[in-house]
Amino acid sequence: MRLKDLKESNNNGILHYDGYEINVWEERDRIIITLYDNNEKEIRSWIDDSAREMFDDGFFDWRHLRKSIVDYAHEIGLIK
């Protein structure tokens, strides 16, 4: 799944997984991925190069975007 697919799927780039919300925004060469808890409190944002690096380094996976973001947050201790 790419960002274009998220926008066309009628959810405006908002994903839900395992009690968390993931907001994905892209425009031209800008990208922002933000993880929120179930109280809509921001846990972490990845912006532009840091977001791209997460994909390049294999931490985020387009095919399993929701799961890979939440799994990464668990692995580095952002969430329990």
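Look up: the structure comes first, before these words.
Rules used in this analysis
- Residues numbered from 1 in each chain as written.
- Predicted model: local features only at pLDDT ≥ 70, side-chain atom pairs only at ≥ 80, totals over all residues.
- Heavy atoms only, no water.
- Helix = DSSP H or I, 4+ residues; strand = E, 2+ residues; numbered from the N terminus.
- Buried < 20%, exposed > 50% of the residue type's maximum accessible area, 1.4 Å probe, protein only.
- Contact = heavy atoms within 4.5 Å.
- Areas by Shrake-Rupley, 256 points an atom, 1.4 Å probe, with all protein chains shown as cover.
- Phe/Tyr/Trp six-rings, centres within 6.5 Å; stacked < 30°, edge-to-face > 60°.
- Pairing = 2+ DSSP bridges.
- Axes fitted to C-alpha atoms, helices over the stretch in contact; angles between N-to-C directions.

Colleague: In this structure, what is going on with the overall build of the protein? I would like to understand it.
Modeller: Helix and strand content of the protein: three helices and four strands. For the protein, the α and β elements follow one another from N to C terminus as α-β-β-β-β-α-α. Looking at the protein residue by residue over its 80 residues, the buried ones come to 34%. Long-range pairs, those at least 24 residues apart, make up 28% of the contacts in the protein with a sequence separation of at least 6. Accessible surface for the protein amounts to roughly 5400 Å². Of this, 41% is attributable to carbon and sulfur atoms.

Colleague: It is not clear to me how unusual backbone geometry should be interpreted in this structure. Could you clarify?
Modeller: Most peptide bonds take the trans configuration, and most residues that are not glycine carry a negative phi. In this structure, D18 is a non-glycine residue whose phi angle is positive, near 55°. For D18, the location among the structural elements is in the loop between strand 1 (14-17) and strand 2 (20-27). Residue D18 is classed as exposed on the basis of its relative accessible area of 54%.

Colleague: When you look at the packing of aromatic side chains in this model, what are you seeing that I'm missing?
Modeller: Each aromatic ring pair is specified by the distance between its two centres and by the angle formed by the two planes. Summed over the entire model, instances satisfying the criterion amount to six aromatic pairs. The interplanar angle of 80° and the centroid separation of 5.6 Å between the aromatic rings of F55 and F60 together place this pair among those described as edge-to-face. Take F55 and F60: they sit in the same class, and that class is buried. On the numbers, 4.1 Å between centres and 5° between planes, the contact of F55 with W62 is stacked.

Colleague: Looking at this model, I keep getting lost on the sheet that holds strand 2. Mind explaining?
Modeller: Two pairing modes exist for strands in a sheet, parallel and antiparallel, and in both the strands are linked by backbone hydrogen bonds. Taken in spatial order, the four strands make up an open sheet running 1-2-3-4, and their pairing is antiparallel. Looking at the sheet topology across the chains shown, the edges are occupied by strand 1 and strand 4 (42-47). Adjacent strand axes in the sheet meet at a mean angle of 15°, parallel and antiparallel pairs treated alike. When strand 1 meets strand 2, the two strands line up antiparallel, connected through four bridges. Across the sheet, the residue bridging to Y17 is Y20, located in strand 2. Sheet strands in contact with helix 2 (residues 49-56) are strand 3 (30-36) and strand 4, and its direction is about 90° off that of strand 4. Across the sheet, helix 3 (residues 65-75) lies against strand 1, strand 2, strand 3 and strand 4, angled at about 65° from strand 1, the strand it touches most.

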